[in-house]
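Residues per chain are reported as follows:
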Amino acid sequence: MAGSASNRQSTRIAIRTIPIFILCAFVVATYIYVGHICVQYYIVKKGRTGFGAGMIVLYFVIFFIMITAYLRTFVAVIRNPGLVPLVNGQADDANEKQPPPPPRRRRRRRDEEPDVEAQPWTPVDMSPDSPGLESFYSKDVFVCEADGRPKWCSGCRQWKPDRAHHSSEIGRCVRKMDHLCPWVGGMVSETSFNFFAQFTFYCAMYCSLVLGISSYTVSQQSGERRDADGWVVAGVVLSAFFLLFSGGMALTSLRYILTNMTNIDMFSRTRLSYLAVHIPLESPPSSYYPTIVYPLEQPSLLPPPPAPAAAGAEELTAAAAAADAAATPAVVSGGATPGSVPESPPRDVRAQRKFAILRVESRENPWDLGFRRNWTSVMGHTPLEWLLPIKHSPCCDHDSMESDYPTGKLLDELKGRYSFPGYESAAIDPARPKEHVAV
């Protein structure tokens, strides 16, 4: 437990210290590029005023856009890291800076098993009236387990929305979590990924500019002096070092944007997953997929105890009356009574929704919308949003009644693969039919 707490403390220190180091590096780079190279060397010593002034203007244009994107990312990471609201009666603030510490029992489990989702210490809430369950089956598509229930987070003790993952570093589920980035001081997720991508792109441009001018200056000074200018050499080394990281992150971010994936999604590509897809309530059973009907049925009521054998007439009459009362259907949400047909109130019958449980094979991405729609879902719909850190990504809007995130053509392929009515059936191995299971 002490080692785990020490690691978390080290992580907190790192993600608060590294941004300060980066800002100091920018200050040093600004002095080298503007003060030492452009002003002292090109303008004062070489008399190339136009060249030096032009390089200064270009430098500050890229520099201010990069700093703006960095600060926008930093603020989004600190103030709105994309935490999933808690629904179990716990206080929650979407803008809180410090998430609540994990429970003590969870810290003990972390000593035994680092992956809190792999070895849950809190059992799944099997109650049909589990808080937050309705927000899933009110939509047409949601990610589920093989039994049709949504994914469960043992750390937060609630159901996980689509594409949300539990962060052991901050002890909360995060929507479309990508990675914990020490560069920007926190968790990069759907609320900050577009700003992060812009920052890494402009940082790569910035480092390329500094590296190019510093290298050009070294070549100019090679015929003028015997020893190398230490400041210029430092500019080459510093800019090359940061270009290596920023360029790699910019290319990785571009890949994730165009494929509509995250760093977490890439690690889980080889796993099977399941989608619950809404179908008409009167749909006939299928041999290709199981189904589940929401709201879930309540557990059946226990039968009344039998009357004592030696009871008198009055006691037998009272027992018979109690048995008749117990046989009367009770008003429960999707429940049943012993010896009677399961019966639900009209309100619950009207609210019933049926879902087919479709298996998604490994390396299949139901969120892939194509390059263009993937780009706009993250970066926005206008070129101004693509270039400047103006607004959060459109994918942060989860008000659609279809699903938390738009689904791509894979959903139609799955419907054809599993012989949905109205879709052409794809090749399915008839030797491996899936029995219909009504949960």
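Above this text you will find the structure in question.
Computed from a predicted structure; not experimentally measured. (Residues numbered from 1 in each chain as written. Predicted model: local features only at pLDDT ≥ 70, side-chain atom pairs only at ≥ 80, totals over all residues. Heavy atoms only, no water.)

1. Brief notes about the overall build of the chain
Point 1. Looking only at helices and strands, the chain features 12 helices and 10 strands.
Point 2. The buried share among the 439 residues of the chain stands at 42%.
Point 3. The contacts in the chain between residues at least 6 apart in sequence include a share of 72% that link residues at least 24 apart.
Point 4. If you sum the accessible surface of the chain, you get close to 22900 Å²; carbon and sulfur atoms cover 62% of it. (Helix = DSSP H or I, 4+ residues; strand = E, 2+ residues; numbered from the N terminus. Buried < 20%, exposed > 50% of the residue type's maximum accessible area, 1.4 Å probe, protein only. Contact = heavy atoms within 4.5 Å. Areas by Shrake-Rupley, 256 points an atom, 1.4 Å probe, with all protein chains shown as cover.)

2. Focus on the pattern of salt bridges
Point 1. Tallied over the entire structure, the rule returns 9 salt bridges.
Point 2. The salt bridge partner of Asp-140 is Arg-353, with a shortest N-O separation of 2.8 Å. Of the two residues, Asp-140 sits in the loop between helix 4 (134-137) and strand 1 (141-144) while Arg-353 sits in strand 10 (residues 353-360), which places them 213 residues apart along the sequence.
Point 3. Among the residues examined, Arg-353 registers a relative accessible area of 17% and is labelled buried.
Point 4. The closest approach of N and O atoms between Arg-417 and Glu-364, which form a salt bridge, is 2.8 Å. (Salt bridge = Lys/Arg side-chain N within 4 Å of Asp/Glu carboxyl O.)

3. A closer look at the pairing of strand 10
Point 1. Most of strand 10 sits inside the fold, with 7 of its 8 residues counted as buried.
Point 2. In this sheet, strand 10 lies alongside strand 9 (residues 291-294) in antiparallel orientation, the contact comprising 4 bridges. When the sheet's bridge partners are listed, Val-293 is paired in strand 10 with Lys-354. (Pairing = 2+ DSSP bridges.)

4. A short note on the pairing of strand 1
Point 1. In strand 1, alternate side chains face the same way, and those of Val-141 and Val-143 on one face and Phe-142 and Cys-144 on the other are all buried.
Point 2. The sheet contact formed by strand 1 and strand 8 (residues 273-279) spans 4 bridges and is antiparallel. Looking at strand 8, one finds that Val-143 is bridged to Leu-275.

5. Side note on a nonpolar patch on the surface
Point 1. A surface patch of nonpolar side chains, amounting to about 420 Å² of accessible area, comprises Leu-384, Trp-386, Leu-387, Leu-388 and Ile-390.
Point 2. Within the fold, Leu-384 resides in helix 11 (residues 383-387). (Patch = residues over 30% accessible without salt bridge, like charges linked within 9 Å, V, L, I, M, F, W, Y side chains within 5 Å.)

6. Topic: the environment of Asp-162
Point 1. Structurally, Asp-162 is set in the loop between strand 3 (158-159) and strand 4 (164-167).
Point 2. For Asp-162, a relative accessible area of 2% puts it in the buried group.
Point 3. Taking the C-alpha atoms as reference, Asp-162 lies 9.1 Å from Phe-136; in sequence the two are 26 residues apart.
Point 4. Once you skip the residues sitting within four places of it in the chain, Asp-162 turns out to touch Val-141, Phe-142, Val-143, Trp-367, Asp-404 and Tyr-405.
Point 5. Here the side chain of Asp-162 touches Val-143 through a polar contact of 3.0 Å, landing on its backbone nitrogen. (Polar contact = N/O pair within 3.5 Å; in protein donor to acceptor, adjacent residues only side chain to side chain.)

7. Quick word on the nonpolar core
Point 1. Counting 44 residues, the largest nonpolar core has Tyr-33, Tyr-59, Met-66, Trp-183, Val-184 and Tyr-206 as the members making the most contacts within it.
Point 2. Of all the secondary-structure elements, those providing two or more residues to this core are helix 1 (2-45), helix 2 (49-79), helix 5 (193-221), helix 6 (230-259) and helix 10 (371-379).
Point 3. For Tyr-33, the residues in contact, after removing those within four places along its chain, are Cys-38, Met-55, Tyr-59, Leu-209, Val-210 and Ile-213.
Point 4. Core analysis: the second largest hydrophobic core is formed by 17 residues, Leu-275, Ile-279, Leu-410 and Phe-420 among them. (Core = buried A, V, L, I, M, F, W, Y, C linked by side-chain atoms within 4.5 Å.)

8. Some details on the side chain of His-398
Point 1. Inspection of the secondary structure assignment puts His-398 in the loop between helix 11 and helix 12 (410-417).
Point 2. In this structure the side chain of His-398 is engaged in a polar contact, spanning 3.4 Å, whose partner is the backbone oxygen of Cys-396.
Point 3. For His-398, the side chain forms a polar contact with the main-chain oxygen of Asp-404, separated by 3.1 Å.
Point 4. For His-398, the residues in contact, after removing those within four places along its chain, are Lys-139, Arg-175, Glu-190, Asp-404 and Tyr-405.

9. Thoughts on the sheet that holds strand 1
Point 1. Read from one edge of the open sheet, 4 strands run 1-8-10-9, paired in antiparallel fashion. Both edges of this open sheet fall to strand 1 and strand 9, since each of them pairs with a single strand only. Averaged over all pairs of adjacent strands, the angle between strand axes in this sheet comes to 35°, irrespective of strand direction.
Point 2. Its contacts with the sheet place helix 12 against strand 1, strand 8 and strand 10, and it is angled at close to 95° to strand 10. (Axes fitted to C-alpha atoms, helices over the stretch in contact; angles between N-to-C directions.)

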